[in-house]
Amino acid sequence: MNPVVYPEPIEAAIARLEAWLRDLGDRHPFPGYTLSPRSLVLLLLQKDPALWEQLQRDEEQCREVEIEIAVAQNQLHQPLELAIAQTRHQQARMLERVALQQPKSGTQPWAETLHQITVNPITGFPILVVILYLGVYKFVGEFGAGELVDRIESFFEGQINPVVDRFVAQTIPWEPIQDLIGNEYGIITLGIRYATAIVLPVVATYFLMFSLLEDSGYLPRLSLMLDRLFKWIGLSGRAVIPMVLGLGCDTMATIVTRTLETKRERLIATFLLSLAVPCAAQWGVILGLLAQKPAALIFWGGFITAIFLGVGYLTAKFLPGASGGFYMEIPPLRLPKIRNILTKTWVRVKWYFWEVLPLFIWASVFIWFGRLTGIFDLIIRAIEPLTLALGMPKESAPIFLYGFFRRDYGAAGLFDLQQQNLLTGNQLVVAAIVLTLFLPCVAQLQMIVKERGMKIAMAMVLFIFPFAFLTGFIVNFGLTQLGINF
Amino acid sequence: MNVLSTIEIGQPKTIVGYHTQDATLLRKLVTLGMMPGIEIILEQRFPSYIIKLGHTRTSIDRETAESIFVQ
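Residues numbered from 1 in each chain as written. Chains lettered and ligands numbered in written order. Predicted model: local features only at pLDDT ≥ 70, side-chain atom pairs only at ≥ 80, totals over all residues. Heavy atoms only, no water.

**Notes on the interface of chain A and chain B**
- Between chain A and chain B, the residue contacts involve 30 residues of the former and 29 residues of the latter.
- Taken as a group, Leu82, Arg228 and Tyr327 of chain A account for 27% of the area that chain A buries against chain B, more than any other trio of residues on that side.
- Viewed at the interface, chain B and chain A are joined by 4 salt bridges.
- Where chain A packs against chain B, one counts 13 residue pairs in polar contact (both at pLDDT 80 or more).
- At the level of elements, α5 (80-99), α6 (109-119), α7 (121-171), α10 (218-232) and β1 (327-330) of chain A are the ones that each hand at least two residues to the side of chain A that touches chain B.
- Split into classes, the residues belonging to the side of chain A that touches chain B amount to 12 nonpolar, 8 polar and 10 charged.
- Note that β1 of chain A and strand β5 (residues 56-60) of chain B share 4 bridges and pair antiparallel. (Contact = heavy atoms within 4.5 Å. Buried area = accessible area lost by both parts, 1.4 Å probe. Salt bridge = Lys/Arg side-chain N within 4 Å of Asp/Glu carboxyl O. Polar contact = N/O pair within 3.5 Å; in protein donor to acceptor, adjacent residues only side chain to side chain. Helix = DSSP H or I, 4+ residues; strand = E, 2+ residues; numbered from the N terminus. Nonpolar A, V, L, I, M, F, W, Y, C, P; charged D, E, K, R; others polar. Pairing = 2+ DSSP bridges.)

Written out as C-alpha cells, the structure is:
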C-alpha cells in the first residue's frame, strides 16, 4: 500500500519541520506526545488547537512554524488544510476502489423507502408527531409516569412507609430523629420514595424510548425535520437532541448543550431548558394531575409551547450574533438490537439514579433541618401571599419552596395535594404552569453554573423567578376574568 | 457554475468550490466529505437540504447549501 503523499509544497514543509523538531532536542515543544514526528507536523500545519496552544508558549518556535505554513501556502492554489484533506480523501477513494466490491442492489430497499417517508415533509411530519405521541406521551407519560408510578407509589405507601414509621416510633425516642428517617418528610418515607417511585419509572421508560430512537437512526432525521422551526428561536436542528433529552432530564440536557456550535446557541438552549422544557418527572406528574381534565392539559401544553417559542423568538431577536449553521450526517435507518438498547438503558438509568438519589436524600435532610429550626416556616409564610395572589390555597406554599430543591419534587407534592382534593381545576393549571416555568432543580442550577458560569446562571435565576410567578398571576387573572373553569 | 441550493433534484453534480469565509463551516464541510471534485446529488430541499455523496447522506440548511458551488 502506498503511503499518503501530499502536494510538493506540503511535503517540503513537512520535511523541514520534521528536521527542525529533531534539532530542538530538549526544547522539543511536545515531549509527552507519542505520535510520529510526521503526524505531529501535519497537525501543526492544520493548526490543531491543542498543539498550537502548547506551541504558543514559545514565541520563537511559534514564528518558525508560521513561516513554514506561509511558505507552503504561497505555493498552493487552495487553502493548505483543504489540500491535506483532499489528498487523504483521494487516497481513501483509491483504497475503496481496490478493496470494495459493490453488489448491484447496494442498499436495502425497505430502509431506503423508510428513509424517504421519514424525511418527506408530507409524510415526515405526521410520522414525527406519531413517534413523539407514542414514544413520549403514551409510553413515558401514560405507562411510565402513570401506571408504573401508581404501582410503585402504592407499594411504598402500603408496605414500606408504615413499617418504617412503626420502626422509628418504637426504636428512636426523639421525635426530631424519627422525622429525619420516617413520617411525612423522612429520608426513607419521602426522599427514597420519591426517587424510586416517581423518578425511576419515568426515567427508565424515557431512556428506553430514547435509546430506541437513537439506535434506529431516527434522531438525525428528527433534527433535519425541525431545523427550520428551531432556527426561528435562534437554535439549529442540532439543538433538537438536547431539547428532547430535556423532556427526560434537564440536568443531563444542560450537559449535552456542549455539543452546540456557538456560545450563543448554548446560551439560548440552556435558558429555554431551564424555563420551558419540563423534565419527565415533572411533566409526568403534571400529566397525572391533569389527566381527568383534557382541556386543562391541552391549555397547559399549549401555553408552555407558546412560552417556549415566544421567549425563544425574543431571545434570538435581542441576543447579538447569528444562528449556528446546520450540517449533520444522516446514517441509514436500522433495526435496533434489543440487547444493545437494554444495556444502554440500564447503564443510563443506573448512572442517573445514583446521581439523583443523594440529591433527594439531601432535599429531605434540608427540609427536615428547615422545619426543625423554623426557617422553613418563615420562608413559607413569606411565600404564602404570593400563592394567594396566584389564587392558590395557602397549603400550596410549601410546594413552591420544595420545588426549589427539585422541580419534580414540587410537582410530586402537588400530586399529594390533589389526592386530598384540595385544588380546583384552575388552581391545578396555574400551579402546573408556575412549576414548569419555575427555577430548575438544584442539580440543574449547579450544572448551569458549571457550564455557563456564575454570572449567566444568576441572570437566568433573576429572570425566571419573577417571570414564573408573574405568568402564573396573569394566567389566573385571565382565567378568572374570562370566567373559564377547568 | 451554480449554487448547490438552486440545482435540480436528482441530477449528479460536482463540487467546484466554496462561497464562504467561515473557517469553522469550511472545516466541517471538509470533514463531511463535501470538497471540490466530489460528486453529489441533491435529494430534497424542504424542510432541510439532503445531499447524497458516495455512500453517505448529509443534511444541511439553506445557508450552508448557498455556500457551495457545483457544476
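**Re the side chain of threonine 189 of chain A**
All names here are of chain A.
- By the secondary structure assignment, threonine 189 is in helix α9 (residues 187-216).
- What makes threonine 189 buried here is its relative accessible area of 1%.
- A polar contact of 3.4 Å, which involves the side chain of threonine 189, links it to the backbone oxygen of glycine 182.
- Polar contacts involving the side chain of threonine 189 include one to the main-chain carbonyl oxygen of asparagine 183, which spans 2.5 Å.
- Those residues in contact with threonine 189, other than ones at most four positions away along the chain, are Asn161, Val164, Asp165, Ile181, Gly182 and Asn183. (Buried < 20%, exposed > 50% of the residue type's maximum accessible area, 1.4 Å probe, protein only.)

**Brief notes about the nonpolar core**
All names here are of chain A.
- Leu235, Met243, Leu275, Leu290 and Trp300 are the most contacted members of the largest nonpolar core, which totals 106 residues.
- No other element matches the 12 residues that α9 contributes to this core.
- For tryptophan 300, the contacting residues outside a window of four places in its chain are Pro278, Trp283, Ile286, Leu290, Ala432, Ile433 and Thr436.
- Ranked by size, the runner-up nonpolar core spans 25 residues in total, among them Tyr6, Leu17, Leu51 and Ala83. (Core = buried A, V, L, I, M, F, W, Y, C linked by side-chain atoms within 4.5 Å.)

**Section: the packing of α7 of chain A against α10 of chain A**
Residue and element names in this part refer to chain A.
- Direction vectors running N to C along α7 and α10 enclose 120°, while the axes themselves pass 11 Å from each other. As judged from the angle between their axes, α7 and α10 are oblique. Between α7 and α10 lies a crossing whose hand is left-handed. In this structure, α7 uses Pro121, Gly124, Phe125, Ile127, Leu128 and Ile131 to contact α10, whose residues at the interface are Tyr218, Leu222, Met225 and Leu226.
- Grouping the constituent residues of the contact of α7 with α10 by class yields 9 nonpolar, 1 polar and no charged. (Axes fitted to C-alpha atoms, helices over the stretch in contact; angles between N-to-C directions. Parallel < 35°, antiparallel > 145°, perpendicular 65-115°, else oblique. Left-handed = near helix turned anticlockwise from the far one by under 90°.)

**Some remarks on a nonpolar patch on the surface**
- Judged by side-chain polarity, Trp110, Leu114, Ile117 and Leu335 of chain A come together as a nonpolar surface patch covering roughly 400 Å² of accessible area.
- On the basis of relative accessible area, tryptophan 110 of chain A is assigned to the partly exposed category, the value being 43%. (Patch = residues over 30% accessible without salt bridge, like charges linked within 9 Å, V, L, I, M, F, W, Y side chains within 5 Å. Areas by Shrake-Rupley, 256 points an atom, 1.4 Å probe, with all protein chains shown as cover.)

**A short note on the packing of aromatic side chains**
All names here are of chain A.
- Under the counting rule described, the total for this entry stands at 16 aromatic pairs over all chains.
- Taking the centre distance of 6.2 Å and the plane angle of 20° together, the rings of tyrosine 206 and phenylalanine 210 count as stacked. Here tyrosine 206 pairs with phenylalanine 210, and both are found in helix α9, just 4 residues apart, close to one helical turn. Here tyrosine 206 and phenylalanine 210 have matching classes, each one buried.
- Among the aromatic residues, those joined into a ring-pair cluster are Tyr206, Phe207, Phe210, Trp351 and Tyr352.
- The side chain of lysine 47 reaches across the aromatic face of tryptophan 52, ending 4.1 Å from its centre. (Phe/Tyr/Trp six-rings, centres within 6.5 Å; stacked < 30°, edge-to-face > 60°. Lys NZ or Arg CZ within 6 Å of the ring centre and 35° of its normal.)

Function cannot be read off these values alone, since they describe shape.
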